[in-house]
Amino acid sequence: MTTETTKTPLVRMSGVNKHFGSFQALSDINVDIPKGQVCIVVGPSGSGKSTLCRTINRLETIDDDGGYIEIDGKRLPEEGKALAALRADVGMVFQSFNLFAHKSVLENVTLGPTKVRGLSKKQAEKEAMEYLERVGVGEQARKLPAQLSGGQQQRVAIARALAMKPKVLLFDEPTSALDPEMVQEVLDVMVDLAAGGMTMVVVTHEMGFARKAGDRLLFMSEGAVIEDTTPEKFFKDPETSRAKDFLSKILTE
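Treat the numbers as computed from the prediction; the structure is a model and nothing was measured.

Broken down by element type, the protein chain carries 9 helices and 10 strands. Taken against the 2.2 N^0.38 rule, which gives 18 Å for 253 residues, the C-alpha radius of gyration of the protein chain at 18 Å falls within 12% of a compact globule. Projecting the C-alpha coordinates of the protein chain onto the three principal axes gives extents of approximately 50 × 45 × 45 Å. Each of the 253 residues in the protein chain was classed as buried or not, and the buried ones make up 53%. A sequence separation of at least 24 residues applies to 65% of the contacts in the protein chain between residues at least 6 apart. Element-wise, carbon and sulfur atoms account for 48% of the exposed surface of the protein chain, whose accessible area totals about 12200 Å².

For aspartate 72, which is not glycine, the phi dihedral falls at a positive 50°. Taking the relative accessible area as the measure of exposure, aspartate 72 reaches 34% and is therefore partly exposed.

The subject of this paragraph is the sheet that holds strand β1 (residues 11-20). Hydrogen bonding along the main chain pairs the strands of a sheet, whether they run parallel or antiparallel. Taken in spatial order, the 4 strands line up as β2-β1-β4-β5 in an open sheet, and their pairing is antiparallel. Because the sheet does not close on itself, it has two edges, and the strands there are β2 (23-33) and β5 (74-75). Sheet topology note: the β1/strand β4 (residues 68-71) ladder contains 4 bridges and is antiparallel. Bridge pairing in β4 links serine 14 to tyrosine 68.

The rules behind the values
- Residues numbered from 1 in each chain as written.
- Predicted model: local features only at pLDDT ≥ 70, side-chain atom pairs only at ≥ 80, totals over all residues.
- Heavy atoms only, no water.
- Helix = DSSP H or I, 4+ residues; strand = E, 2+ residues; numbered from the N terminus.
- Rg over C-alpha atoms; globule rule 2.2 N^0.38 Å.
- Buried < 20%, exposed > 50% of the residue type's maximum accessible area, 1.4 Å probe, protein only.
- Contact = heavy atoms within 4.5 Å.
- Areas by Shrake-Rupley, 256 points an atom, 1.4 Å probe, with all protein chains shown as cover.
- Pairing = 2+ DSSP bridges.

Shown next as structure tokens:
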């Protein structure tokens, strides 16, 4: 039987460093994420979580010191068409939705598939409606983003990412800009995606989601991954004093 470790990981980060001037945001990151894994990234503010997430599709460049990132066995290119093509395999859902305000919900979701994937408008719209229905906002298709709640807008953003048929989905604090009552509707969609086998990297403060949907948990501190474990083990028995301190502040059980 072939084990996951012998397969090419879907995401490979090897010796990745990132400096902003003299500040080191990422320090020697070595992470392999196999297909179908839901990898949760947690840690205190400023620990490098979002930077790690944003380097995976090169929204942030990494230091040119020999470290590298691969997506499905292909090295992340520097720039140009090759980068655009590889980025199409890496969906991203941001804190702040990033929808085009002047385009309808349906137009937001069909833009990538028609422009990047080359789908016909008819086929793109058919598939977009399927994704919008899947995340529970199909009836909002003709509206502008401003006519939707924050939770609905974030679900549209997830549908938009899914419409590109990515190999991996990145979530950078997808619920942090939402009112508390809207958080669960977005997390429910993410739990559904996780159950369906989508490879996901999720930066989040939502520990309930981490426990429920995560296969793996990376705990970051000062730019480094200092625990790489399962959610269950992390919450029950963290190894480092830094993780214990973090959990004591966020878990009020």
